[in-house]
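Below are the chains, spelled out letter by letter.
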Amino acid sequence: MSYKLNSRRVRKIYNRLKSLPGGINFFKYVLNKAHAAWLKTIKSTRVAYPSSIMLEVTNHCNLACITCPREYAYGDAMAKGTIDIAAMYKVIDEVAPYIDSIGLTGLGETLLYKKLEETLKYIKTRNKGIQTFISTNAHIPNADAYIEKIAPYLDTVQISIDGVNKIYETVRAKSDYRVFIETTRKIATVCKKHGLALMFNFVAIRENYTQMKDVVEIAAELGVTDVNITPVNLAGITAWELNYYELFYSDSFKQAVKQAFEAARRSGTVHLTMWDVKTKNEFKKCHLPWNHFYISWDGWMTPCCAKPFPKELNFGNVFRTSLMQCLNSKEYRAFRRLWFKNITPDFCSKCHVVDLKPLDLDVDIAYN
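Residues numbered from 1 in each chain as written. Predicted model: local features only at pLDDT ≥ 70, side-chain atom pairs only at ≥ 80, totals over all residues. Heavy atoms only, no water.

### Considering the overall build of the protein
If you tally the helices and strands in the protein, you get 13 helices and 11 strands. For 368 residues, the compact-globule estimate of 2.2 N^0.38 gives 21 Å, and the C-alpha radius of gyration of the protein, at 20 Å, lies within 12% of that figure. For the protein, the spread of C-alpha atoms along the principal axes amounts to about 50 × 45 × 40 Å. Classification of the 368 residues of the protein by burial places 57% in the buried group. As displayed, the protein has an accessible area near 16000 Å², and 54% of this comes from carbon and sulfur atoms. When the 50 basic and 36 acidic side-chain charges of the protein are each reduced to a single mean position, those positions are 7 Å apart. (Helix = DSSP H or I, 4+ residues; strand = E, 2+ residues; numbered from the N terminus. Rg over C-alpha atoms; globule rule 2.2 N^0.38 Å. Buried < 20%, exposed > 50% of the residue type's maximum accessible area, 1.4 Å probe, protein only. Areas by Shrake-Rupley, 256 points an atom, 1.4 Å probe, with all protein chains shown as cover. Lys, Arg positive; Asp, Glu negative; His and termini not counted. Charge placed at Lys NZ, Arg CZ, Asp CG, Glu CD.)

Okay, structure coming up:
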């Protein structure tokens, strides 16, 4: 089993190190890293300023993918809207001296957010080394022109792909595969021109897992250099039962994974990663209580990106108080205390980090 530092992460680290904060903010940055290390050493339930956050700029979407939690009961009950830019700037200002990366993504389609260029530009004015990330379904008209416009302030573009041809359209309801391919080809050209990282994200389910190899081959054809595969996370999908995970123990799934990694090696250009499915799963395996924090469009601090529904569980509102007050609130520290005890909260029931048993895969995997 291999824990390789994949090339995309190496590029991200290199780009960050090229532009660390200057002046007094450099000392704030270094001291915060030291503080984070100290808190980890003494096993504190408190955290330092985070290295990474996700800001859900909108949870509106133009598709209705069967892999997305917003299409089920939790999503039906959630409030829908677009982030207030002034409130978001308040969060960015708070973390700017300390942060390494900011993802402008969440349950919605990022390119529907009208103030995306303004936001990305603002992040880079605070420190050009902050790595910025967006995700798209490649179905927004003139998406390539939009990405061309924001490219100077952007580092990584992720495109969601859950199959090819008719399977793609089945999984990603309201989509058009021909539009997807044409748009992705144009986006790949823009990313190559501006030196942006471009990756595919593939959520494996019953309908599409046999096409993992095909997705790798499509990536190679289109010039997408990174592909990540993750088993569907049932934590936020209320309509599917826990026994759905049995799919991933089948010989057919294992063979499909092997074929995908073989296809990546043959391509010579595609770097394939996968969620860590080989080691023991438990609440203590989850890193999200400690980093890569998710903030909903209306400011709620939710426990994770797989089930980002504030009505189910939240640790306060960062727009009404502050990010650090929420991160080190009594409630969030109690949540982390469960992590130390390896007691899975009810909120995390059905999560693949907890309930998907390790897979015996005869393949050398680079983890995402």
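### Describing the state of the cysteines
Scanning the model with the defined rule gives 0 disulfides in all. Of all cysteine sulfurs in the structure, the one in Cys65 sits closest to Cys68, which takes part in no disulfide; the separation is 6.5 Å. With no disulfide partner, Cys326 has as its closest neighbouring cysteine sulfur the one in Cys304, 16 Å distant. Exposure remark for Cys326: the relative accessible area of 2% places this residue in the buried category. (Disulfide = S-S within 2.5 Å.)

### Brief notes about the pattern of salt bridges
If you walk through the whole model with that rule in mind, you get 17 salt bridges. Salt-bridge contacts for Glu221 lead to Arg185; the nearest nitrogen and oxygen are separated by 3.6 Å. Here the residue Glu221 occupies a position in helix H9 (residues 212-222), and Arg185 occupies one in helix H8 (residues 177-194), the gap between them amounting to 36 residues. Relative accessible area serves as the criterion here: at 52%, Glu221 is assigned to the exposed category. (Salt bridge = Lys/Arg side-chain N within 4 Å of Asp/Glu carboxyl O.)

### Focus: the packing of H8 against H9
Geometrically, a packed helix pair is captured by the angle between its two axes and the distance between the axes. Where H8 contacts H9, the axes come no closer than 10 Å and their chain directions differ by 45°. Relative to H9, the element H8 lies oblique. In this structure, H8 contributes Tyr177, Ile181, Thr184, Arg185 and Ala188 to the contact, and H9 contributes Ile218, Glu221 and Leu222. Taken together, the residues of the contact of H8 with H9 break down into 5 nonpolar, 1 polar and 2 charged. (Axes fitted to C-alpha atoms, helices over the stretch in contact; angles between N-to-C directions. Parallel < 35°, antiparallel > 145°, perpendicular 65-115°, else oblique. Contact = heavy atoms within 4.5 Å. Nonpolar A, V, L, I, M, F, W, Y, C, P; charged D, E, K, R; others polar.)

### Let's talk about the packing of aromatic side chains
Centre-to-centre distance and the angle between the planes together describe a pair of aromatic rings. Tallying each qualifying case throughout the model produces 21 aromatic pairs. Ring centres 4.9 Å apart and planes at 80° place the aromatic pair Phe248 and Phe253 in the edge-to-face group. Across the pair, Phe253 and Phe248 agree in class, each one buried. Judged by centre distance (3.9 Å) and plane angle (15°), the rings of Phe315 and Tyr332 are stacked. Here Tyr332 lies in helix H12 (residues 330-341) and Phe315 lies in the loop between strand S11 (301-302) and helix H11 (323-327), a separation of 17 residues in the sequence. A relative accessible area of 6% means that Phe315 is categorised as buried. Members of the aromatic cluster, joined through ring pairs, are Phe283, Phe293, Phe315, Tyr332 and Phe335. The ring centre of Phe347 lies 4.4 Å from the NZ or CZ of Lys307, which sits over that ring. Across the ring face of Tyr332, the terminal group of Arg336 is positioned such that the distance to the ring centre comes to 4.1 Å. (Phe/Tyr/Trp six-rings, centres within 6.5 Å; stacked < 30°, edge-to-face > 60°. Lys NZ or Arg CZ within 6 Å of the ring centre and 35° of its normal.)

### A word on the side chain of Thr132
Within the element layout of this structure, Thr132 appears in strand S4 (residues 131-136). Residue classification places Thr132 among the buried positions, given a relative accessible area of 1%. Each residue touching Thr132, except ones within four places of it in the same chain, is listed here: Ile102, Leu120, Ile123, Lys124, Tyr153, Leu154, Asp155 and Thr156.

### Digging into the packing of helix H5 (residues 116-126) against helix H6 (residues 143-150)
Relative orientation of the contacting elements H5 and H6 amounts to 25°, with a least axis distance of 10 Å. For the element pair H5 / H6, the angle class is roughly parallel. By crossing handedness, the relation of H5 to H6 is classed as right-handed. Here Leu116, Glu117 and Leu120 of H5 lie close against H6, whose contacting residues are Tyr146, Lys149 and Ile150. Looking at the contact of H5 with H6, its residues break down into 4 nonpolar, no polar and 2 charged. (Left-handed = near helix turned anticlockwise from the far one by under 90°.)

### A few points about the environment of Ile150
As for its position among the elements, Ile150 is in helix H6. A sequence separation of 30 residues divides Ile150 from Leu120, and the C-alpha atoms of the two residues are 7.5 Å apart. With sequence-adjacent residues up to four places away left out, Ile150 is seen in contact with Leu116, Glu117, Leu120 and Ile134.

### Quick word on the environment of Ala219
Mapping Ala219 onto the fold places it in helix H9. Separated by 143 residues in sequence, Ala219 and Asp76 place their C-alpha atoms 33 Å apart. With sequence-adjacent residues up to four places away left out, Ala219 is seen in contact with Phe200, Val224, Val227 and Val270.

These results come straight from atomic positions and should not be treated as a statement about function.
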